[in-house]
Amino acid sequence: MLSIQSFCFNPFQENTYIIFNQEGEAILVDPGMYYPNEFEAYDAFIRTHNLKPTKIINTHTHLDHVFGVAKTIGAYQIPFYFHEADKPVYDAANVFGEMYGLKFDQLPKTPDAYIKEGEEITLGTDKLEVFLTPGHSPGSICLYHAAANWVISGDVLFQMSIGRSDLPGGDHQTLLQSIRTKLFTLPPETAVHSGHGPVTTIGLEMMNNPFLQ
Ligand SMILES: [Zn+2]
Ligand SMILES: [Zn+2]
């Protein structure tokens, strides 16, 4: 069974995750650290738990989720993946950074490979399922770990809220459809680890999320 550790980083209060197994193999999700002390805290967690990062996977590539990608690749020399439909969003990330006055390290031109829907990501003997859940961004994915009953939902679903759909490539109806067909079909007790804000569950959001009643 995989463990999950969260960090809250950068001026957008983005949740960065580390997923790891009992052998210490780790997948780094959405490395959003911006300030040097944020990277230090992240790296300290990895070192004190003797983790061996194996890859970076992004739920999507808005700037608040990619601020720390270049630094993370540099530090751990590991491959970087996201869904191909997010490539236009990825290509615009550094430009958006300049617009916000938040410059960050130049991203690699392309990822090492693209993640596909339905792909099974393995970490040792553990598995993560990939759901394509567009609407917030065209290539947003969620990572589901059935064995421990949790899903990383990126900026698709939040506690009592949903992702923005007014950014380039976003679409409100597509987002609602993604949540209803890919997330609300999971067991109600599934923990939802979002790209921003606290942990919630599928059941709580089905009952209470004002955007989905
Ligand atoms: Zn986003
Ligand atoms: Zn975000």
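Scroll up a little and you will see the structure.
A quick note: this is a predicted structure, and the numbers were derived from the prediction, not measured. (Residues numbered from 1 in each chain as written. Chains lettered and ligands numbered in written order. Predicted model: local features only at pLDDT ≥ 70, side-chain atom pairs only at ≥ 80, totals over all residues.)

Trainee: How do you make sense of the overall build of the protein when you look at a structure like this?
Mentor: Along the backbone of the protein there are six helices and 14 strands. Principal-axis analysis of the C-alpha atoms gives the protein an extent of 45 × 40 × 30 Å. The buried share of the protein, reckoned over its 213 residues, is 43%. In the protein, the proportion of contacts linking residues at least 24 apart, taken out of those at least 6 apart, comes to 63%. (Helix = DSSP H or I, 4+ residues; strand = E, 2+ residues; numbered from the N terminus. Buried ≥ 20, exposed ≤ 12 C-beta atoms within 10 Å, placed from the backbone. Contact = placed C-beta atoms within 7 Å.)

Trainee: Where do I start with the environment of Asn 94 in this structure?
Mentor: Considering the arrangement of structural elements, one finds Asn 94 in helix 4 (residues 87–99). Overall, Asn 94 belongs to the partly exposed group, with 17 C-beta atoms counted inside 10 Å. A C-alpha to C-alpha distance of 18 Å links Asn 94 and Ser 140, two positions 46 residues apart in sequence. Asn 94 has contacts with Gln 106 and Leu 107, leaving out every residue within four places of it along the chain.

Trainee: Whenever I open this one, the sheet that holds strand 14 (residues 200–201) confuses me. Can you help?
Mentor: For sheets, the rule is that strands pair by backbone hydrogen bonds, running either parallel or antiparallel. Strand order across the open sheet formed by six strands is 7-8-9-10-13-14, with mixed pairing between neighbours. Of all the strands in the sheet, just strand 7 (120–123) and strand 14 have a single pairing partner and so form its edges. Looking at chain direction, strand 9 (residues 141–145) and strand 10 (residues 150–154) are connected through three bridges and run antiparallel. When the sheet's bridge partners are listed, Leu 143 is paired in strand 10 with Ile 152. (Pairing = 2+ DSSP bridges.)

Trainee: What exactly am I supposed to notice about the pairing of strand 8 (residues 126–132) here?
Mentor: Remark: a regular strand shows side chains that alternate across the two faces of the sheet. Summarising the sheet, strand 7 and strand 8 pair through four bridges and their orientation is antiparallel. Within the sheet, the bridge partner assigned to Ile 121 lies in strand 8 and is Leu 128. Hairpin connection from strand 7 to strand 8: two residues lie between these consecutive antiparallel strands, with Gly 124 at a positive phi of about 60 degrees. With four bridges connecting them, strand 8 and strand 9 associate as antiparallel partners. Note on strand 9: the bridge partner recorded for Val 130 is Leu 143.

Trainee: Please clarify how the nonpolar core should be interpreted in this entry.
Mentor: As a rule of thumb, soluble globular proteins bury nonpolar side chains together. Within the largest apolar cluster, 49 residues are counted, with the highest numbers of intra-cluster contacts made by Ile 19, Val 29, Cys 142, Leu 143 and Val 151. The contacts of Leu 143, once residues within four sequence positions are left out, are Val 29, Ile 57, Leu 128, Val 130, Val 151 and Ile 152. (Core = buried A, V, L, I, M, F, W, Y, C linked by C-beta atoms within 7 Å.)

Trainee: Just to check I follow, could you spell out the pairing of strand 10 for this structure?
Mentor: Summarising burial for strand 10: five of the five residues are buried, a large majority. Where burial is concerned, the two faces of strand 10 agree: the one with Trp 150, Ile 152 and Gly 154 and the one with Val 151 and Ser 153 are both buried. Between strand 9 and strand 10, which follow one another and run antiparallel, lie four residues, and Asn 149 among them has a positive phi close to 60 degrees. Judged from the four bridges that link them, strand 10 and strand 13 (residues 191–194) form a sheet pairing that is parallel. Bridged to Ile 152 within strand 13 is His 193.

Trainee: Looking at this structure, how should I read the sheet that holds strand 5 (residues 80–83)?
Mentor: Pairing is mixed in the open sheet, where six strands are placed in the order 1-2-3-4-5-6. Looking at strand neighbours, the two that pair on one side only are strand 1 (3–9) and strand 6 (113–115), the edges of this open sheet. Looking at each pair of strands side by side, their axes are set apart by 30 degrees on average, direction ignored. As paired strands, strand 3 (residues 25–29) and strand 4 (residues 52–57) are joined by five bridges and run parallel to one another. Note on strand 4: the bridge partner recorded for Ala 26 is Pro 53. Here helix 1 (residues 36–48) sits on the sheet in contact with strand 1, strand 2 (14–20) and strand 4, set at roughly 165 degrees to strand 1. Most of the contacts of helix 3 (residues 69–76) go to strand 4, to which it runs at about 150 degrees, and overall it touches strand 3, strand 4 and strand 5. (Axes fitted to C-alpha atoms, helices over the stretch in contact; angles between N-to-C directions.)

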